[in-house]
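# Report on the structure
Each chain, written out:
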Amino acid sequence: IYNKTVLTGISNTYEFNHHWSNTTSLSFSHTDFKNPFITNYEKRKENNLSLRSKFVYAASFNEQDIKLVGGAEWLYGDADIDNYGNKQGVPDTVQAKDQLWVRQWFPFVQLEWQLKKKLLLQIGASTNSNMYRYKRLTGNDNSKKSKKFDEQFLPRLALLYPLSKNISLFATVSKGFSPATIAEIRSSDANINTDLQPEFGWNYESGIRGGSANSRFQFEGSIYYFKLQQAIVRRLNNAGAEYFINAGGTDQKGFEARVAYSLINDPAAILSLI
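Anyway, here's the lowdown on the structure attached to this text. (Residues numbered from 1 in each chain as written. Predicted model: local features only at pLDDT ≥ 70, side-chain atom pairs only at ≥ 80, totals over all residues. Heavy atoms only, no water.)

### Considerations on the overall build of the chain
Put simply, the test is: Helix numbers and strand numbers start at the N terminus; a helix is a DSSP run of H or I with at least 4 residues, a strand a run of E with at least 2. The size measure is the radius of gyration over C-alpha atoms, and the globule rule it meets is 2.2 Å times the number of residues to the 0.38 power. Method for areas: the Shrake-Rupley scheme with a 1.4 Å probe, in which residue coverage is limited to the protein chains shown.
Scanning the chain for helices and strands turns up 2 helices and 14 strands. The C-alpha radius of gyration computed for the chain amounts to 24 Å, which surpasses the reference 19 Å derived for 274 residues by more than 25%, pointing to a less compact arrangement than a globule. Taking the principal axes of its C-alpha atoms as reference, the chain extends roughly 70 × 45 × 40 Å. Accessible area for the chain stands at about 16,800 Å²; split by element, carbon and sulfur atoms hold 56% of it.

Encoded structure:
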């Protein structure tokens, strides 16, 4: 498999005054992908463009810190996907040629409220709108078709309470959403799967995190329950080419732990001696 990707972007932060600021970023990527697979030789060229802007308001009064974040992100992608016969690693006769366009955007807002330098409360929400258009260049029907998914409302609630200066308890409840990628909608079997739906789910998590006074030792432990629906999974057809389907839902329960210790207290000082 041959994959060449170029990624570039620019970001700007501007402070209007002591309370208000804005951060706006623009990014672009181009991918040239080739896959001389057993059943076909696939060539794929993708372009992706994203624009994101957020406003932040921050204030403090009566031992309370408040931060309000709001903004929106817009993403656009297009792809030319061609499948040929594979003759000893060389593209042969055309099997299928397609063009796809994907558009996604979502506004978001989040409130952070720290009460008396203790309890930190985060409440946020966003909506996600996603659609794609496609056109098959080979065959009798060259018309452009489209598919739009239902908008998703994605709330989030998080709490952080410090037991001491270096140890805190936390808990989160959130809903996640993941639309199908271009490679999943138009997979290597050369079919455009219009029945493929985005996957989404609810996540519940709570735990404890902390560390030593000098931050050299850090630890974190949490338990979680994740309820996933419309999971996107990979399948192979009789010829060995991959395609993707929604495989219903699943419940995931588990425990995560992390322990870290920095052997070098000040790595920058070591590097400055080299």
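The discussion continues.
### Notes on the packing of aromatic side chains
Formally: We call Phe, Tyr and Trp rings a pair once their centres come within 6.5 Å, taking the six-membered ring for Trp, and we label the pair stacked below 30 degrees between planes, edge-to-face above 60, and tilted otherwise. Categorising residues by exposure relies on relative accessible area from a 1.4 Å probe, with only protein chains included: less than 20% of the type maximum marks a residue as buried, more than 50% marks it as exposed, and the intermediate range marks it as partly exposed. Lysine NZ or arginine CZ positioned within 6 Å of the ring centre and within 35 degrees of the ring normal marks a charge as sitting over the ring.
Applying the stated criterion across every chain yields a total of 9 aromatic pairs. Arranged with centres 5.0 Å apart and planes meeting at 80 degrees, the rings of Y14 and F16 form a pair that is edge-to-face. The class for Y14 is partly exposed, based on a relative accessible area of 48%. Linked through ring pairs, Y14, F16 and F55 together constitute an aromatic cluster. A cation over a ring is seen here: K144 above W101, with NZ or CZ 4.3 Å from the ring centre.

### As for the pattern of salt bridges
Formally: Here, a salt bridge means any Lys or Arg side-chain nitrogen found within 4 Å of an Asp or Glu carboxyl oxygen.
A full pass over the atoms with the stated rule returns 10 salt bridges. K45 is the salt-bridge partner of D32, the closest N and O atoms lying 3.0 Å from each other. One end of the pair, D32, is in strand 2 (residues 20–36); the other, K45, is in strand 3 (residues 41–61), and 13 residues separate them in sequence. The class for D32 is partly exposed, based on a relative accessible area of 21%. As a salt-bridge pair, D251 and K227 come within 3.4 Å of each other at their nearest N and O atoms. Highlighted residues: D251 in strand 14 (residues 250–261) and K227 in strand 11 (residues 217–229), separated in sequence by 24 residues. Overlapping salt bridges bring together E42, R44 and E46 as one network.

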